[in-house]
Amino acid sequence: MPALKLENVYKSFGSVDVLKDINLTVEDGEFVVFVGPSGCGKSTLLRVIAGLEDATKGSVFIAGEQVNDTPPSRRGIAMVFQSYALYPHLSVKANMSLGLKQEKQPKDLIETRVQKASEILSLNDYLDRHPAELSGGQRQRVAIGRAIVREPKLFLFDEPLSNLDAALRMNTRIEIAELHRTLSASMVYVTHDQTEAMTLADKIVVLRDGRIEQVGSPMELYNNPANKFVAGFLGSPAMNFLNKPDGQGGTIGIRPEHLRVAKGGKITGKITHIENLGSDTNLLVRTDTNEPITVRLFGQHAMDVGAKVSLTYDEDQAFEFDNDGLRVMR
Amino acid sequence: MNKARHNKTNVIAAHAALIAYTLIALFPVFVIVINSFKTRRAIFREPLALPNADTFSMVGYETVLKQGDFFLYFQNSMIVTVVSLFFILLFGAMAAFALAEYRFKGNTLMGLYLALGIMIPIRIGTVAILDMMVATGLVNTLWALILVYTAQGLPLAVFILSEFMKQVSDDLKNAGRIDGLSEYRIFFNLVLPLVRPAMATVAVFNMIPIWNDLWFPLILAPAEEVKTLTLGSQVFIGQFVTDWNAVLSALSLAILPVMALYVVFSRQLIRGITSGAVK
Ligand SMILES: Nc1ncnc2c1ncn2[C@@H]1O[C@H](COP(=O)(O)OP(=O)(O)O)[C@@H](O)[C@H]1O
Ligand SMILES: [Mg+2]
């Protein structure tokens, strides 16, 4: 039985259609990531699933049960918010146990669940503190703990790492992935960050303007994007798009790592900027046809800004898109 | 204080301005208090002089405590002010929460309707209010005053509080909903503590006019047993003779409870401002 099923879900605020015809299945134990630019409706979709917003049209099923008219607390979900949203007047322990208390669960069950969760998240030493006395990373762990203790059928995460600094973000990302493995729970995770999407997801759902653009495993989407938007959104640095030389419209997409510096290549241009990352070197090049292009070279390379370069790539690693941005298969 | 951001002249100028303002604001209070301890003759001869051995007199306070039931007046004023403030804050906050939190038909219109009361003085409706109070038999009860003051305070309270409530994080309220808190618990336990500074502001704004009001006590509750302090003090102001000792003493006494209330609310205000930084 799928953990979550959405059928023809629409959501409008007044005359603004924020979600359009969303159809989606999350299998039991699957980690699904909604990814898309800011304002595309990811949070709204998550809130519809949680029951914090009503769908204008369509059905939401959680663990096989239609929940359109079920209040959030009875949907068997737990949610982690970007801003942590901890109760400021309650201790860490009380924050984590409030949901279970509201369900009138017995005291010893609450105690064991809180113990277990704080063990997993190494929050044991902080149980009596208040949220104001914790760092950002600790607060986010408490928020995750609050979700874990409820043992929900479905976890919902809304950009949980966005307020953390870069180093902490990577650690917490790994923790969330491990959490998914240990709990083998179904999770829906929203982010605008393609790295998080690629690294965490069993299945990625790419959203744009309230529509699903493509669904698939990270590598499926990376290797086989259905359109220019998906191709450009996944991968860092982003894919290069060059107008077709024959002047018939349409574009060719080449990932930065598929370009090589070689004499007599298909593309020539001038280096405008160099980013030395140590492990990689990114060249920003302006082609002779005046298009910007990024080249990702493995390792360290001594190059000069302003120098001329000639670039080449393998035809079978390039993607072709028509005028509407749809993929053209060859 | 951070030295790099505060240069000396600015600090001195700012303090000078604030001290000057404080002196100006406190001067009338000061004059009232010192004169309340002087003989009648000394009040008129040297109104700005401090009381000394010759001029010191408690006669004003003696008159005040003898004449009429001053403690009862005190109590009446206190009850009316505190209960009115309680209702203004309770109902104002509830209405503000509804306007800020829920999308329903006529939400904006309702907000405008409630805000209208800010611009229309309630005294315009005095005759109608008196009619209603007579019809409901509330004339000469403290409830008459409490109801009127609550109505008078609500528009501004709703206006201010709804602005603040819109800024309370949606995520926090949603977290509460997912944990199964009722809308009432979300309102009382999560939202109200976060808008405490705004509540204190509303309380302070409403407190003084209610405490000092003469109009409605005179019209709605002039009977001896429900007189407020302000109305009670009027017995000393006659058409031909005014007992200035008594008036000044009564005024001095009337300042005390307001000051106590103010201290309570301003503490809240400052605590709210300094602790509000936690997300
Ligand atoms: N309560 C609301 N009322 C009106 N418009 C809203 C509301 N919530 C979200 N929106 C609009 O819906 C769109 C999607 O918002 P959101 O789901 O928050 O995007 P994302 O999370 O992908 O950044 C935005 O254009 C936003 O302005
Ligand atoms: Mg969002």
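Residues numbered from 1 in each chain as written. Chains lettered and ligands numbered in written order. Predicted model: local features only at pLDDT ≥ 70, side-chain atom pairs only at ≥ 80, totals over all residues. Heavy atoms only, no water.

Looking at the packing of aromatic side chains
Residues and elements named next belong to chain A.
1) Next: Throughout the structure, instances matching the rule amount to 16 aromatic pairs over all chains.
2) Next: Taken together, the aromatic side chains of F31, F155, F157 and Y189 make up a single cluster linked through ring pairs.
3) Next: The aromatic ring of Y87 is capped on one face by R146, whose charged end is 4.9 Å from the ring centroid.
4) Next: Taking the ring centre of Y313 as reference, the NZ or CZ of K266 above it sits at 4.2 Å. (Phe/Tyr/Trp six-rings, centres within 6.5 Å; stacked < 30°, edge-to-face > 60°. Lys NZ or Arg CZ within 6 Å of the ring centre and 35° of its normal.)

Some thoughts on the site of ligand 1
1) Next: If you check the shell around ligand 1, you find F13, V18, S38, G39, C40, G41, K42, S43, T44 and R47 of chain A together with R103 of chain B and nothing else.
2) Next: More than a single chain frames ligand 1: its nearby residues are located in chains A and B.
3) Next: Between an oxygen atom of ligand 1 and a main-chain N or O atom of K42 of chain A, the distance comes to 2.9 Å.
4) Next: The separation between an oxygen atom of ligand 1 and a polar side-chain atom of S43 of chain A is 2.6 Å.
5) Next: With the chains in place, 61% of the 560 Å² that ligand 1 exposes on its own is no longer accessible.
6) Next: Looking at the shell around ligand 1 residue by residue, the class counts come to three nonpolar, five polar and three charged. (Near = heavy atom within 4 Å. Polar contact = N/O pair within 3.5 Å; in protein donor to acceptor, adjacent residues only side chain to side chain. Areas by Shrake-Rupley, 256 points an atom, 1.4 Å probe, with all protein chains shown as cover. Nonpolar A, V, L, I, M, F, W, Y, C, P; charged D, E, K, R; others polar.)

Some points on the pattern of salt bridges
Residue and element names in this part refer to chain A.
1) Next: Taken as a whole, this structure holds 23 salt bridges over all chains when the rule is applied.
2) Next: Here E111 and K93 are joined by a salt bridge, their closest N and O atoms 3.3 Å apart. Of the two residues, E111 sits in helix α3 (residues 107-120) while K93 sits in helix α2 (residues 92-102), which places them 18 residues apart along the sequence.
3) Next: With a shortest N-O distance of 3.0 Å, E103 and R150 are connected by a salt bridge. (Salt bridge = Lys/Arg side-chain N within 4 Å of Asp/Glu carboxyl O. Helix = DSSP H or I, 4+ residues; strand = E, 2+ residues; numbered from the N terminus.)

Structural notes on the pairing of strand β10 (residues 211-216) of chain A
Note on strand geometry: in a regular strand, side chains alternate between the two faces of the sheet.
All names here are of chain A.
1) Next: By the bridge criterion, five bridges tie strand β9 (residues 203-208) to β10 in an arrangement that is antiparallel. Residue pairing for β10: V205 is matched across the bridge by V215.
2) Next: A loop of two residues connects β9 with β10, the two strands running antiparallel in sequence, and D209 in this loop sits at a positive phi of about 45 degrees. (Pairing = 2+ DSSP bridges.)

Quick notes on the UniProt feature "transmembrane region" (unreviewed entry) in chain B
Residues and elements named next belong to chain B.
1) Next: When the UniProt feature table is mapped onto this chain numbering, "transmembrane region" (unreviewed entry) sits at residues 12-34, 78-100, 112-130, 142-165, 186-208 and 246-265.
2) Next: What you have in residues 142-165 is 100% helix and 0% strand, and the ends, taken at the C-alpha atoms, are 32 Å apart.
3) Next: Structurally, residues 186-208 comprises 96% helix and 0% strand, and the distance from its first C-alpha atom to its last is 31 Å. (UniProt positions renumbered as here; feature names shortened; annotations may be inferred.)

What to know about helix α6 (residues 126-136) of chain B
All names here are of chain B.
1) Next: Of all the positions in α6, only T126, I129 and M133 are classed as buried. Buried residues of α6 fall within an arc of 60 degrees about the axis and therefore sit on the same side. Seen from the open side of α6, the exposed residues pointing more than 90 degrees away from its buried face are V127, D131, M132, V134 and A135.
2) Next: Buried residues along α6 sit in contact with α7 (142-165) and α11 (215-220). (Buried < 20%, exposed > 50% of the residue type's maximum accessible area, 1.4 Å probe, protein only. Arc of directions from axis to C-beta. Contact = heavy atoms within 4.5 Å.)

Description of the packing of α2 of chain A against α3 of chain A
Residues and elements named next belong to chain A.
1) Next: Packing of α2 against α3 leaves a shortest axis separation of 10 Å and a crossing angle of 135 degrees. With respect to their mutual orientation, α2 and α3 come out oblique. Of the two possible hands of crossing, α2 and α3 adopt the one that is right-handed. On α3, the residues touching K93, M96, S97, L100 and K101 of α2 are I110, E111, R113, V114 and S118.
2) Next: Counted by class, the contact of α2 with α3 contains four nonpolar, two polar and four charged residues. (Axes fitted to C-alpha atoms, helices over the stretch in contact; angles between N-to-C directions. Parallel < 35°, antiparallel > 145°, perpendicular 65-115°, else oblique. Left-handed = near helix turned anticlockwise from the far one by under 90°.)

A few points about the interface of chain A and chain B
1) Next: With 25 residues of chain A at the interface, the matching set in chain B holds 18 residues.
2) Next: Contact between chain A and chain B buries roughly 1700 Å² in total, counting both sides, with carbon and sulfur atoms accounting for 60%.
3) Next: Put simply, chain A and chain B have two salt bridges between them.
4) Next: R103 of chain B is paired through a salt bridge with E53 of chain A; the nearest N and O atoms lie 2.9 Å apart.
5) Next: Taken together, chain A and chain B are joined by eight residue pairs in polar contact (both at pLDDT 80 or more).
6) Next: Mapped onto the side of chain A that touches chain B, the elements with two or more residues apiece are α1 (42-50), β6 (77-80), α2 and α4 (136-148) of chain A.
7) Next: Of the residues in the side of chain A that touches chain B, the class split is 14 nonpolar, six polar and five charged. (Buried area = accessible area lost by both parts, 1.4 Å probe.)

Things to note about the domain arrangement of chain A
Residues and elements named next belong to chain A.
1) Next: For chain A, the assigned domains read domain 1 (4-229) and domain 2 (238-321).
2) Next: For domain 1 and domain 2, the distance between their C-alpha centroids amounts to 38 Å.
3) Next: Listed as interface residues are five residues of domain 1 and, on the opposing side, six residues of domain 2.
4) Next: Summed over both sides, the interface of domain 1 with domain 2 buries roughly 550 Å², with 63% coming from carbon and sulfur.
5) Next: The largest share of the area that domain 1 buries against domain 2 comes from Y222, P225 and K228, three residues that together contribute 88% of it.
6) Next: Taken together, the links from domain 1 to domain 2 amount to zero salt bridges.
7) Next: Viewed at the interface, domain 2 and domain 1 are joined by two residue pairs in polar contact (both at pLDDT 80 or more).
8) Next: Residues belonging to the side of domain 1 that touches domain 2 are distributed by class as follows: two nonpolar, two polar and one charged. (Domains from an automatic or database assignment.)

Thoughts on the sheet that holds β9 of chain A
Residue and element names in this part refer to chain A.
1) Next: Taken in spatial order, the six strands of this open sheet run β6-β7-β8-β3-β9-β10, and their pairing is mixed. In this open sheet, the two edge strands, each paired with only one partner strand, are β6 and β10. Strand-to-strand twist of the sheet, defined as the mean angle between neighbouring strand axes without regard to direction, takes the value 20 degrees.
2) Next: Each of β6 and β7 (154-158) touches α4; the most contacted strand, β6, lies at about 175 degrees to it.

Considering the sheet that holds strand β15 (residues 280-287) of chain A
All names here are of chain A.
1) Next: Spatially, the five strands line up as an open sheet ordered β13-β17-β14-β15-β16, and their pairing is antiparallel. Looking along the sheet, the strands with just one partner apiece sit at the ends: β13 (260-261) and β16 (292-298).
2) Next: One ladder, built from two bridges, connects β13 with strand β17 (residues 308-312); its direction is antiparallel. Each bridged residue has a counterpart across the sheet, and for R260 the counterpart in β17 is T312.

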